[in-house]
Structure formats: structure tokens, C-alpha cells
Amino acid sequence: LIVGICLGIEFSGAVPSNKDFKTVTISKCKEFLKNTSSENKCEEVWDAFSKAYVGKDPCEVPMEAYDPLMQTVREKDACNRMLLWSKTKLFVRQLREAQKCLPKLLTLEDTLLGFVMDGQTWCSKKGSKETFTKGCPKSDKCERNPVRSFWNRASEAFSQAACGEVTAMLNGSISTPFNNNSIFASIEVKQLSPPQVKALSVILVTTGNDKETCENDSLRTLQNAALDRELEYTCKELDGSKILDCISDPDRPCGDCW
Ligand code: C8R
């Protein structure tokens, strides 16, 4: 809904919402860090975050603008537990919400920055001190916008912390599950290499009747990219609808579903 509303609004009509956005961001940060030794860090995180885009043309914010933010937030390495995805956000979210029988996999949304910024939109204007949450440019208008650059940079840092076996959930109901324009293809895969990372295991999730297989051309490209990087590669097809039905059924034991 929010995306739909934003699409219809021109940037010139943007509404300042500095306060709300800052309040929401800091309170989500505090919620994430509750009962940890970093609880008081959220103002510092906000400062580093906002410096990346406030006062700048919203089409001229490169991913490097978030480098100082990445320095403030150091994530732990995630060995054998990292879950990357592309075009399967909803499915991954449903899996995480179901919590049942879930292999203990970690997504960027399980880290501070991913958790805090998920679902938010933000930008500023040249010379302005404000943050806007509506009317911000989309990636089709300009690639170097604050939101896209944030996810590029955060995804780069997240995948740099990968180790062991990395899992990727890709969408088998679209014709190009591995798409060069995606953050997964253009940033994350490029960070994965031995000795830190050993294997890439693809789970191709299908929902509905359109079903690509692991033989899909784009997945062959991914396989070759993985092998060029000297990573072991596996690919497995999964019926997403079946899995979701199964994990939401209290009478079915875990082992039945996976
Ligand atoms: N990642 C990227 N984008 C993310 C994100 C995330 O964790 N979380 C959110 N909410 N978004 P896509 P992709 C938003 O095209 O390009 C990481 C951003 O607005 O389906 O391959 C994550 O680690 C972003 O523009 O997938 C994952 O592995 C779109 O969702 C890849 O990058 C991107 O959604 C997914 O990026």
C-alpha cells in the first residue's frame, strides 16, 4: 500500500516528517538492542545514518555514504546460518513468522540495521535538514537514491560476514530467478569466496503453477559464477505453498514439512 501511495506522489510534493521518522527509527533501534550492552547506541546510530543522506540530492547518495554507519554497527559473523534471498521476501517473512521447524537461518532483517530500516522509506533534499518519507525517488528514476544505496551497502556488509555454507532462497515462479539487477546478484554473490565461505546452497521456491527448475538458464549462470569462485553449489526445488500449509498446521510435526 505504501509503495502504491508513494508512486503517485511527485517528489516536489514531499511532506516533511523528520520527527516521526527519527522517532520510529530510534525506537526500533532501542527495541532491537534492549537488554544488551549497546542499548545506548541508538542516537549514535541515528547520527551516522542520517549524515549519509540529509541535505543531499536524493538522486546523488552513493552506497559509500553509509560507510560510517557500517563502522558504528559491527555485526557478528554468521557461520552456516546465513540466508540470502531474491524476490522471495514475502515467503521468507512468512517462514520467519511461523518460527516452527525453521532451520536457524539468519537474514539481514535479523540484524540491527535490517530490522530497523525494513519497510521504511527516506530521503532529503539538497540543502535541507529534513527527512521525507513520501515522494522519495524510486530506483527506476535514479539508482543512487538513499534507500537503494542503503540496502546495497547493508547487503554488502551482511554478505561479507558470511561463512561456511550460505543459503539463498530464490523465486522459482519467475522466469529469471537469478537476475543481474538484483542486490543478490550484483552485490551479495560477489562477496562470497573461500576460505571463509565454502558453499552456496540455492533453494528454488515455487508458489502457484509457474514452476522453473534448477535447470533454469539464469541458475546455470549462478552455478557457473559459484564454481568460478570455487564455491560448492547445490540447488533444490521447494514447493512454497506446501511448506507454508504444513508449518501452519499444528498437527503436523516438523519433520513432515522440510
Ligand atoms: N536485502 C535487500 N533488499 C532489501 C532487504 C534485504 O535484506 N530488506 C528489504 N526490505 N529490502 P529483491 P534483491 C528491500 O529485488 O535485490 C538483501 C529493498 O528496498 O526481491 O536480490 C538481503 O540480504 C530492496 O530494494 O531482492 C537479500 O539477500 C528490495 O527489498 C538481498 O539483499 C530488494 O528486493 C535481496 O535483494
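A few points on the structure. These figures come from a predicted structure and were not determined experimentally. (Residues numbered from 1 in each chain as written. Predicted model: local features only at pLDDT ≥ 70, side-chain atom pairs only at ≥ 80, totals over all residues. Heavy atoms only, no water.)

Considerations on the environment of glutamate 130
- With respect to the element layout, glutamate 130 can be found in the loop between helix 6 (112-117) and helix 7 (146-160).
- According to the relative accessible area criterion, glutamate 130 is partly exposed, its value standing at 32%.
- As for glutamate 130 and tyrosine 53, which are separated by 77 residues in sequence, their C-alpha atoms are 9.8 Å apart. (Helix = DSSP H or I, 4+ residues; strand = E, 2+ residues; numbered from the N terminus. Buried < 20%, exposed > 50% of the residue type's maximum accessible area, 1.4 Å probe, protein only.)

With respect to the pairing of strand 5 (residues 232-239)
- Sheet topology note: the strand 4 (residues 197-206)/strand 5 ladder contains eight bridges and is parallel. Opposite leucine 200, over in strand 5, you have tyrosine 233 as the bridge partner. (Pairing = 2+ DSSP bridges.)

Here's the deal with unusual backbone geometry
- In the segment running from proline 194 into proline 195, the intervening peptide bond is cis, with an omega of 5°.
- Its location among the elements puts proline 195 in the loop between helix 8 (183-191) and strand 4.
- The backbone of lysine 87 sits at a positive phi, close to 60°, despite the residue not being glycine.
- The phi angle at glutamate 230 is positive, at roughly 60°, despite the residue not being glycine.
- Of note, glutamate 230 is situated in the loop between helix 9 (217-228) and strand 5.
- Take glutamate 230: its relative accessible area is 63%, and that puts it in the exposed class.

So, the site of the ligand
- Not every one of the 16 residues close to the ligand is listed here, only the nearest: Ser86, Lys87, Glu109, Ile183 and Glu188.
- Lysine 87 has a polar side-chain atom sitting 2.4 Å from an oxygen atom of the ligand.
- Here an oxygen atom of the ligand and a side-chain polar atom of serine 155 are 3.3 Å apart.
- Relative to its unbound accessible surface of 620 Å², the ligand loses 85% to contact with the protein.
- Those elements that provide at least two residues to the shell around the ligand are strand 2 (83-86), helix 7 and helix 8.
- For the shell around the ligand, the residue count by class is seven nonpolar, three polar and six charged. (Near = heavy atom within 4 Å. Polar contact = N/O pair within 3.5 Å; in protein donor to acceptor, adjacent residues only side chain to side chain. Areas by Shrake-Rupley, 256 points an atom, 1.4 Å probe, with all protein chains shown as cover. Nonpolar A, V, L, I, M, F, W, Y, C, P; charged D, E, K, R; others polar.)

Section: the nonpolar core
- Counting residues in each nonpolar core, the largest one holds 53 residues, and the members touching the most others are Phe49, Tyr66, Leu69, Trp122, Phe150, Leu200 and Leu222.
- Ignoring sequence-local partners within four residues, the contact set of leucine 69 consists of Val45, Ala48, Phe49, Leu113 and Phe150.
- Core analysis: the next-biggest nonpolar cluster, separate from the first, contains 12 residues, Met169, Leu238, Ile243 and Ile247 among them. (Core = buried A, V, L, I, M, F, W, Y, C linked by side-chain atoms within 4.5 Å. Contact = heavy atoms within 4.5 Å.)

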